[in-house]
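So you can see what is in the structure, the chains are spelled out below.
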Amino acid sequence: MADITIYHNPQCGTSRNTLALIRNSGVEPEVIEYLQTPPTRKTLHQLAAQTGQPLRELIRSKEKLYAELELDNPALSDEQLIAAMLTHPILINRPIVVTPLGTRLCRPSEAVLDILPKRQQGAFAKEDGERVVNDKGERVAGA
């Protein structure tokens with residue numbers, strides 16, 4: 001079993017970049033395509049608790065459905081928010097990465113570098129060309 005798990009959406013550039021950074025550390029993570037295999041209610045609660053962030057941070061507010069369901073309503077409970085995420089997994093913000101060093105919503109993708117147990121094996125640039133890691137496997141300043 002992999003020591004690293006990524007809740008991944010292959011259609012998302014940030015998620016693809018995060019997965020590539022994990023692989024650039026020489027690790028093949030467990031990849032959970034959460035749109036096909038959504039997390040359980042218990043897992044969503046655990047992920048939110050492990051990130052140390054409010055549950056609302058794990059909701060993708062840019063999705064059209066977010067506004068349609070009026071999920072910005074502060075009166076909604078965590079249970080109501082989780083119910084919406086379970087019914088519509090596209091509302092789960094991504095990528096969420098779990099490693100032995102912590103759990104994080106990796107937006108931007110280079111946030112994963114803070115929780116990877118192994119250092120980068122070589123240079124890395126995001127899909128848009130932005131350099132994140134240099135030839136020595138070190139994080140580029142500002143990344």
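In case you missed it, the structure is sitting above this.
Cut-offs used in this document
Residues numbered from 1 in each chain as written. Predicted model: local features only at pLDDT ≥ 70, side-chain atom pairs only at ≥ 80, totals over all residues. Heavy atoms only, no water. Helix = DSSP H or I, 4+ residues; strand = E, 2+ residues; numbered from the N terminus. Rg over C-alpha atoms; globule rule 2.2 N^0.38 Å. Buried < 20%, exposed > 50% of the residue type's maximum accessible area, 1.4 Å probe, protein only. Contact = heavy atoms within 4.5 Å. Areas by Shrake-Rupley, 256 points an atom, 1.4 Å probe, with all protein chains shown as cover. Lys, Arg positive; Asp, Glu negative; His and termini not counted. Charge placed at Lys NZ, Arg CZ, Asp CG, Glu CD. Pairing = 2+ DSSP bridges. Right-handed = clockwise from strand over helix to strand, strands pointing away. Disulfide = S-S within 2.5 Å. Axes fitted to C-alpha atoms, helices over the stretch in contact; angles between N-to-C directions. Parallel < 35°, antiparallel > 145°, perpendicular 65-115°, else oblique. Left-handed = near helix turned anticlockwise from the far one by under 90°. Nonpolar A, V, L, I, M, F, W, Y, C, P; charged D, E, K, R; others polar.

Engineer: How should I be thinking about the overall build of the chain in this particular structure?
Structural biologist: Helix and strand content of the chain: four helices and six strands. Helices (α) and strands (β) of the chain occur, in sequence order from the N terminus, as β-α-β-α-α-α-β-β-β-β. In summary, the chain has a C-alpha radius of gyration of 16 Å against a globular reference of 15 Å for 143 residues, a match within 12%. Along the longest, intermediate and shortest principal axes, the C-alpha atoms of the chain span 50 × 30 × 25 Å. For the chain, the proportion of its 143 residues judged to be buried stands at 45%. Of all intrachain contacts in the chain linking residues separated by at least 6 positions in sequence, the fraction that spans at least 24 positions is 57%. About 7,600 Å² of surface is accessible on the chain, with carbon and sulfur atoms providing 48% of the total. Separation between the mean location of the 17 positive side-chain charges and that of the 18 negative ones in the chain comes to 3 Å.

Engineer: So what exactly am I meant to see when it comes to the pairing of strand S2 (residues 30-33) here?
Structural biologist: The side chains of a regular strand alternate, residue by residue, between the two faces of the sheet. Where strand S1 (residues 5-8) meets S2, four bridges bridge the pair, whose relative direction is parallel. Pairing of Ile6 across the sheet is with Val31, part of S2. Each parallel crossover has a hand, and for S1 linked through helix H1 (residues 13-24) to S2 it is right-handed.

Engineer: Can you help me understand the state of the cysteines in this one?
Structural biologist: By definition, a disulfide links the sulfur atoms of two cysteines through a covalent bond. For the structure shown, the criterion picks out zero disulfides. For Cys12, which is in no disulfide, the shortest distance to another cysteine sulfur is to Cys106 and amounts to 11 Å.

Engineer: Before we go on, may I ask you to explain the packing of helix H2 (residues 41-51) against helix H4 (residues 78-87) in this structure?
Structural biologist: The description of two packed helices rests on the angle between their axes and on the distance between the axes. Two elements in contact, H2 and H4, have axes whose closest approach is 10 Å; the angle formed by their N-to-C orientations is 120 degrees. The pairing of H2 with H4 is recorded here as oblique in orientation. Where H2 crosses over H4, the two elements pack in a sense that is right-handed. Residues Arg41, Leu44 and His45 of H2 form the contact with H4, whose participating residues are Glu79, Ile82, Ala83, Met85 and Leu86. Here the contact of H2 with H4 is built from residues that sort into five nonpolar, one polar and two charged.

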